[in-house]
Amino acid sequence: MNELEARQRKHILFTWTAQNAAAPVRIKGGQGIWFEDHDGRRWMDFESQVFNCNAGHGQRRIGEAIAEQALTLACAHPNAVFEAKAALGERLAAVTPPGLDRFFLCLSGAEANENALKMARALTGRSKVIARRRSYHGASMGASSLTGDPRRWPSEPDMWGVQRIEDPFCYRCPFGQTYPGCGVRCAEHLEHVVQMEGPDRIAAVFLEGVAGANGGFVPPPEYWPRMREICDRYGILLVADEVFTGFGRTGKWFAHQHWNVVPDIITMGKGITSGYAPLGAVAVRHDLAAKFDERVLQCGLTHHAHPISCAAAVATIDLYHDTKMVENAAHQGEVLAAGFAALKAKHPVIGDARNLGLFGVLELVTDRETREPLVPYNGAIKPGTQAARLKAALTARGLHILLRWNYLFVAPPLCITDEEMKLGLSLIDEALTEVFA
Ligand SMILES: Cc1ncc(COP(=O)(O)O)c(C=O)c1O
């Protein structure tokens, strides 16, 4: 531990970890998909920090926009009118599906979901909500209640009224089925839960575009359209949580756009500013938002539409457009899929390899036949195990990459080049060979 880390540890807490077990990211600065630590060592960022740095490191254009905003207008009332806020509304409306063109701005993905939840209840007059079992929607109480992931457990008992549906997790189908013979039971399951819980009591269904930290389950093509149909039948609002998958991560601006479905509400965060400033947003269907033209919108926060965050988001979205990063994510998704196929052919420890654009997951198993996970669900990576050795082998090769349970995530910034992607995949190949060959 160097002096800087010791100073920081003395006063500042780390997230989601026992403080003594924290493995800090010693980032000093970076460029593109690379960052440097305090010892001058270069790292390849295959996790985009925490799946937010979609534009990559060291983007001067975003930094300059932030600096300019800070020097002209840094502090404003939440209901103030200023250029960066108006411009952000226009930028967002240009990338969201037609009809979703009014936005509530906050500071994080969790807050976006909290506010979507309040709006859905206010708009429908109903109080129950449905979310998936393997999901993550944020750490605040409402968002955590929506969350299925074990990160919810410590905050139980949580918000009343959340019902669960099973996931479109084809590799481990919760219904023991195989696609396409399954009839997409995971989607039909929604209707069953709706009927059991009372259709006129359910305000909204919250779905991540593609399940994020729970394992990147890319749903079958019928899934999202069927979810839309069921919601329409019962007057339930469909909320797409695109905090993880938005802003190009999957090769489209938002993941649900792969399936030509228009949600009623979209929640956003992370890539909206590429992590350069804190920002979350809730996109609301025009006619729904119009209901708040006369009624009070009971949502607010001091730093709603913070000028610096708005300026950062405008510059980030412009950068995505001008450098065609979303298109590059789609292209790199193909490079990644080919690389994953080659890794899977070579390494029996890979049970399943799946990706959508630049969001990929290698699911590691002890045995391809039984599909036993290399690390059990919610299991820690214990010292001395193959999983721990794999993490060490990846770290030794300078890869900043997330190994969570038995999932190895590949999600580099969207500015990655073919050569960089091939290099990253070759480092994963080397690490897998070192531990499992
Ligand atoms: C799908 C999804 N929703 C919501 C959140 C919460 O976002 P934040 O950490 O900005 O509150 C996350 C964060 O990882 C996420 O992946």
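About the criteria used
Residues numbered from 1 in each chain as written. Predicted model: local features only at pLDDT ≥ 70, side-chain atom pairs only at ≥ 80, totals over all residues. Helix = DSSP H or I, 4+ residues; strand = E, 2+ residues; numbered from the N terminus. Buried ≥ 20, exposed ≤ 12 C-beta atoms within 10 Å, placed from the backbone. Contact = placed C-beta atoms within 7 Å. Pairing = 2+ DSSP bridges. Near = placed C-beta within 6 Å. Nonpolar A, V, L, I, M, F, W, Y, C, P; charged D, E, K, R; others polar. Domains from an automatic or database assignment.

Draft legend 1. View of the environment of K252. Tracing the chain through its elements places K252 in the loop between strand 8 (237–241) and strand 9 (265–268). The class of K252 is buried, set by 21 C-beta atoms lying within 10 Å. Residues K252 and C173, spaced 79 residues apart in sequence, show a C-alpha to C-alpha distance of 26 Å. When sequence neighbours within four positions are dropped, the list of residues in contact with K252 reads Q257, H258 and V326.

Draft legend 2. Inspection of the sheet that holds strand 1 (residues 27–31) at higher detail. Taken together, the four strands give an open sheet; going across it, the order is 1-2-3-14, and neighbouring strands pair in mixed fashion. Each edge of the open sheet carries a strand with a single partner, namely strand 1 and strand 14 (399–400). Inspection of the sheet shows strand 3 (residues 42–45) paired to strand 14 by two bridges, in the parallel sense. From the neighbouring strand, D45 faces strand 14, where its bridge partner is H400.

Draft legend 3. Spatial organisation of the site of the ligand. Taken together, 14 residues lie around the ligand, and S108, G109, A110, G138 and V243 are the ones closest in. By residue number, the principal contributor to the shell around the ligand is helix 5 (residues 109–124), which donates three residues. For the shell around the ligand, the per-class residue count stands at five nonpolar, seven polar and two charged.

Draft legend 4. Structural detail: the pairing of strand 12 (residues 359–367). The pairing of strand 11 (residues 350–356) with strand 12 spans six bridges and is classified as antiparallel. Each bridged residue has a counterpart across the sheet, and for N355 the counterpart in strand 12 is G360. In this antiparallel pair of consecutive strands, strand 11 and strand 12, the connection spans two residues, and G357 shows a positive phi of 55°. Pairing of strand 12 with strand 13 (residues 372–373) involves two bridges; the strand directions are antiparallel. Counted as the bridge partner of D367 is E372 from strand 13. The hairpin turn running from strand 12 into strand 13, its antiparallel successor, is four residues long, and R371 in that turn takes a positive phi close to 60°.

Draft legend 5. Structural context of the domain arrangement of the protein chain. One can read the domain layout of the protein chain as domain 1 (3–58 + 324–436) and domain 2 (61–322). Centre-to-centre separation of domain 1 and domain 2, based on C-alpha positions: 25 Å. Each partner contributes residues to the interface: domain 1 has 27 residues there, and domain 2 has 28 residues. Of all the secondary-structure elements, those providing two or more residues to the side of domain 1 that touches domain 2 are helix 2 (48–51), helix 11 (325–346), strand 11 and strand 12. Ranked by the residues each element gives to the side of domain 1 that touches domain 2, the list is headed by helix 11, at five residues.

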